[in-house]
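An overview of the molecular structure
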Amino acid sequence: MTALRYFPATEEEDNGIAPHQDGNCITFVFQDEAGGLEVCRDGVSWIPATPKPGAIVVNVGDVIQVLSNNKFKSATHRVIRPKGRSRYSYAFFYNLLGEKMVEPLLQFTEHLGELPKYRKFQYGEYMQLRMRNKSHPPENPKDVIHITHYSIN
Ligand SMILES: O=C(O)CCC(=O)C(=O)O
Ligand SMILES: [Fe+2]
């Protein structure tokens, strides 16, 4: 699955993409020289993923976070399009088939003597819940479904 985005130039400062994590496995982002993609560090500061010719931004998504039992974190990122500039980006989302079951791998749990931090779930179910977040946004933002929906406390 891929997405091609084009943000036209307007006088508005921020018509990018709100902070989010990608729900898939891994994402490759190709952005032009306009910049604007930012990654959140420690839930506090935003680090720009400054465009470099020929460079590809690789985002770890929710599935890898679960498989690795949180050893690899799904990057929180956003796009703030630079004022008055157009921006082109192309993202390749590597996805699982919806029927696939996802759970922390033994290599990141039992083999390390650690308990799984997520229960097993079907990938397609998670995709449907994420789509529902968009089609029927909950009144309270805390009810938006994230990967933590499958966390074991
Ligand atoms: O346009 C970009 O640079 C990133 C797009 C993105 O984060 C997404 O589509 O999930
Ligand atoms: Fe994203």
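Scroll up a little and you will see the structure.
First things first, this report covers the structure right here in the doc. (Residues numbered from 1 in each chain as written. Chains lettered and ligands numbered in written order. Predicted model: local features only at pLDDT ≥ 70, side-chain atom pairs only at ≥ 80, totals over all residues. Heavy atoms only, no water.)

Around ligand 1 sit Arg 5, Ile 17, His 20, Asp 22, Val 29, Leu 37, His 77, Val 79, Arg 87, Ser 89 and Phe 93, and those are all the residues in its vicinity. Take His 77: an N or O atom from its side chain is 3.0 Å from an oxygen atom of ligand 1. One of the side-chain nitrogen or oxygen atoms of Ser 89 is found 2.6 Å away from an oxygen atom of ligand 1. Elements with a contribution of two residues or more to the shell around ligand 1: β2 (17-20), β7 (77-79) and β8 (87-94). Take the shell around ligand 1: its biggest share by element is three residues, from β8. Of the residues that constitute the shell around ligand 1, the class distribution is five nonpolar, three polar and three charged. (Near = heavy atom within 4 Å. Polar contact = N/O pair within 3.5 Å; in protein donor to acceptor, adjacent residues only side chain to side chain. Helix = DSSP H or I, 4+ residues; strand = E, 2+ residues; numbered from the N terminus. Nonpolar A, V, L, I, M, F, W, Y, C, P; charged D, E, K, R; others polar.)

For the rest of this paragraph, the subject is the sheet that holds strand β5 (residues 45-48). Pairing within the open sheet is antiparallel, and its four strands lie in the order β2-β7-β4-β5. At either margin of the open sheet sits one strand with a lone partner, and together these are β2 and β5. Averaged over all adjacent pairs, the angle separating strand axes in this sheet is 25°, with direction ignored. Sheet analysis places β2 next to β7, joined by two bridges and oriented antiparallel. Along β7, the bridge assignment pairs His 20 with His 77. (Pairing = 2+ DSSP bridges. Axes fitted to C-alpha atoms, helices over the stretch in contact; angles between N-to-C directions.)

With 11 residues, the main nonpolar core is built from Cys 25, Val 63, Val 66, Val 102, Tyr 118, Phe 121, Tyr 123, Tyr 126, Ile 145, Ile 147 and Tyr 150. Setting aside anything within four residues of it in sequence, one finds Tyr 123 in contact with Gly 23, Asn 24, Val 63, Asn 95, Leu 96, Leu 97, Gly 98, Lys 100 and Val 102. Listed in part, the nine residues of the second largest apolar core include Ala 3, Ala 49, Val 57 and Phe 93. (Core = buried A, V, L, I, M, F, W, Y, C linked by side-chain atoms within 4.5 Å. Buried < 20%, exposed > 50% of the residue type's maximum accessible area, 1.4 Å probe, protein only. Contact = heavy atoms within 4.5 Å.)

Taken together, the protein ligands of the iron ion (ligand 2) are His 20 (NE2), Asp 22 (OD) and His 77 (NE2), with distances of 2.1 to 2.2 Å. Mapping the donors of the iron ion (ligand 2) onto the primary sequence gives the spacing H-x1-D-x54-H. Taken together, the residues His 20 in strand β2 and His 77 in strand β7 connect sequence positions 57 residues apart. (Donors = N, O, S within 2.8 Å, 3.2 Å for Na, K, Ca; no water.)

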